[in-house]
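# Fold and geometry: a report
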Amino acid sequence: MSWGTELWDQFDNLEKHTQWGIDVLEKYIKFVKERTEIELSYAKQLRNLSKKYQPKKNSKEEEEYRYTSTRAFLATLNEMNDYAGQHEVISENMTSLITGELTRYVQELKQERKSHFHDGRKAQQHIETCWKQLEASKRRFERDCKEADRAQQYFEKMDADINVTKADVEKARQQAQLRHQMAEDSKAEYSSTLQKFNSEQHDHYYTHIPNIFQKIQEMEERRIVKIGESMKTFAEVDRQVIPIIGKCLDEITKAAESIDHKNDSQLVIEAFKSGFEPPGDIDFEDFTQPMKRTVSESSLSNSRGEGKSEPKFGGKSKGKLWPFIKKNKPPPPPPASASPSAVPNGPQSPKQQKEPLSHRFNEFMTSKPKIHCFRSLKRGLSLKLGAGPEDFSNLPPEQRRKKLQQKVDELNKDIQKEMDQRDALTKMKDVYIKNPQMGDAASVDHRLAELGQNIEKLRLEVQKFEGWLAEVEGRLPMRTEQPRRQSGLYEAQNTSAVNSCAQDRESPDGSYTEEQSQETEMKVPATDFDDEFDDEEPLPTIGTCKALYTFEGQNEGTISVAEGEMLYVIEEDKGDGWTRIRRNEDEEGYVPTSYVEVYLDKNAKDVYKSLQKISE
């Protein structure tokens, strides 16, 4: 079965068919190219999806991934990322093995097809030329034969006419012989041309065209085989990644099987356990008999209240004011244009101000729920501002112990890093000492000294946190201790501070406290009232300031500052010329506003104004 013998007269149809075959191949190339684009787009979307749900660094989401279910989800995200990578492999392999290969093959196929059909057209043109030569020889032979017949008839006519001279007859006879000879020559030429044409025609239809058509047939069959191989490669590319995709799916299944609900439940206990014991029964208090209500033994007890005995009616307060009471300020300072030396004996004492503290204390005794609400909101907002206590004393014992242990571990890691750097620099220094041409040994001394100081500071920090940790571990209640009531609403510090106002037995700051009756008739002096909240954390800072001049704070309520000193601002100037600042947790007071350059934090300032509105 050969196109050369079966399709010897279908040159034009073969030309159309082979062009159609090339079009089919190009269509398949386009199909594969679009498939690769889809694979790339799918892989990109999978990667974006996996990245979208990955936990953000240094966020609360990272803490959530300690549970087995969330870790399984994270493993699923990672496997989906690998899954997307396999689709990228499919796209790359199809591009290199199919699209690129077929594109080159199509170019070669077009060149080969063009060459074969060029040879076919050339053979057709040659046979047509031979045919034209045969037709011309045939017409010339026919014409010469007719001319010879006419010459013969004319000679016979002249020979039969008696009136014609002998010379004319002889001339006619010679002309007839000449024409007859020309006809014989044309006949021989026609015969030769005919034989040549038949030979050429035989070679054309039995040799040249079959060979050309055979090459075209082989070319077309190679094209068909090539597209078949490409389709097989198309499937193999997918099949090659199936094992890896299967492994990804197996890992997802394995991650799902690793979910342990019991372990997650235990982690919830570890995350939120406070370390307190459930409260005991509350004793019945009989109000039918005239008696003063005493504190129940099973009521909530504050860690601060446990160490206190009788209420103090005298003695000096530690100087800390209630968070809801504005501290009396000194009189207005000198104008900004005045020299620091022009201030006579410093500002006046806050005691000279009107509205004594005892009046504000009486107001407070009649609005305790309001104070509780303010303190809870104040603590929550201060934590949001990052002003939480360094020793995590705002947390329950168990949570505080975990935070302290975590901090100790982080500091130990930092110490190890600093020691590794110090060891490396020490080795470098030894090399420089042995080989001075490599560097100056004294150049690393400064860095070594810095590392030594850093290590010493970190060790002091570790000792400090380990001391707090030992204190917490020593104070954790045992099962045999007297039960205490806990609030259980530590998270309300940030989200439900106002709701905690109605909790009579809950401490506003989220810790457990001793319940005191509001119905007692004993009036406590202001000094004892002030001392009850001595351990309250300081107000949040609303900015910083730089001392422009040296100020000697000699009166009560003021604080001394040195020129160039940087301090924290906790209350801005209200128009009276004084700014309240803090140096550390124990030192705070007022300085003239003209003596400092204030840099307020806008967000902290807004929060502080909110606190002031609540306190009012």
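Throughout, a residue's number is its position along its own chain's written sequence, starting from 1. Note on the predicted model: pLDDT of at least 70 is required for a residue's local features to be given, and 80 or more for side-chain atom pairs to be given and counted; whole-chain, interface and lining totals, by contrast, use all residues. As a rule here, side-chain values cover all heavy atoms of the structure and leave hydrogens and water aside.

## Quick notes on the sheet that holds strand S5 (residues 596-600)
Pairing between two strands requires that DSSP report at least two bridges joining them. What counts as a helix is a DSSP run of H or I of at least four residues, what counts as a strand is a run of E of at least two, and both are numbered from the N terminus. Strands sit in the order S4-S3-S2-S1-S5 across an open sheet of five strands; the sheet is antiparallel. On the outer flanks of this sheet lie strand S4 (588-592) and S5, each paired with one strand and no other. Across the sheet, the mean angle separating the axes of adjacent strands is 40° when strand polarity is ignored. Two elements, strand S1 (residues 543-547) and S5, share five bridges in a ladder whose sense is antiparallel. Bridge pairing in S5 links Lys-546 to Glu-597. Angles here are taken between N-to-C directions and fall from 0 to 180 degrees, while the axes themselves are lines fitted to C-alpha atoms, restricted in helices to the stretch in contact.

## A short note on helix H5 (residues 166-257)
For H5, with 92 residues, the first-to-last C-alpha span of 133 Å sits near the 136 Å given by 1.5 Å per residue. Bend is computed residue by residue as the angle between axes fitted to the seven residues ending at the residue and the seven residues starting at it. Considering bend angle alone, the principal kink of H5 is centred on His-204 and spans about 45°. Working rule for helices: expected span equals 1.5 Å times residues minus one.

## Let's talk about the pattern of salt bridges
Salt bridge, as used here, is a side-chain nitrogen of Lys or Arg placed within 4 Å of a carboxyl oxygen of Asp or Glu. Tallying each qualifying case throughout the model produces 23 salt bridges. Ionic pairing is found between Arg-121 and Glu-15, a salt bridge with its closest N-O pair at 2.0 Å. One end of the pair, Arg-121, is in helix H4 (residues 68-160); the other, Glu-15, is in helix H2 (residues 11-52), and 106 residues separate them in sequence. Think of it in three bands: with a 1.4 Å probe and only protein chains considered, a residue is buried below 20% of the maximum accessible area for its type, exposed above 50%, and partly exposed in between. Overall, Arg-121 belongs to the partly exposed group, its relative accessible area being 35%. The residue Glu-588 makes a salt bridge to Arg-582 at a minimum N-O spacing of 3.5 Å. Assessed through its relative accessible area of 6%, Arg-582 is described here as buried. Residues participating in the shared-partner salt-bridge network are Glu-571, Arg-580, Arg-582 and Glu-588.

## Considering the packing of H2 against H5
It is at 11 Å that the axes of H2 and H5 come closest, and there the two elements cross at 15°. In terms of their interaxial angle, H2 and H5 are classed as roughly parallel. H2 and H5 meet at a crossing whose hand is left-handed. The scheme is simple: roughly parallel for angles under 35 degrees, roughly antiparallel for over 145, roughly perpendicular for 65 to 115, oblique for anything else. Each crossing is labelled by how the near helix is turned from the far one, with a counterclockwise turn of less than a right angle marking it left-handed and a clockwise turn marking it right-handed.

## Overview of the pairing of strand S3 (residues 578-582)
Across the five residues that make up S3, a large majority, five, are buried. Along S3, one buried face is formed by Trp-578, Arg-580 and Arg-582 and the opposite face, lined by Thr-579 and Ile-581, is buried too. Here strand S2 (residues 566-571) pairs with S3 via three bridges, running antiparallel. Residue pairing across strands places Glu-571 opposite Arg-580, the latter belonging to S3. Where S2 folds back onto S3 in an antiparallel hairpin, the turn is made up of six residues, including Gly-575, whose phi is positive at roughly 105°. Pairing of S3 with S4, which is carried by five bridges, proceeds in the antiparallel orientation. When the sheet's bridge partners are listed, Trp-578 is paired in S4 with Pro-592.

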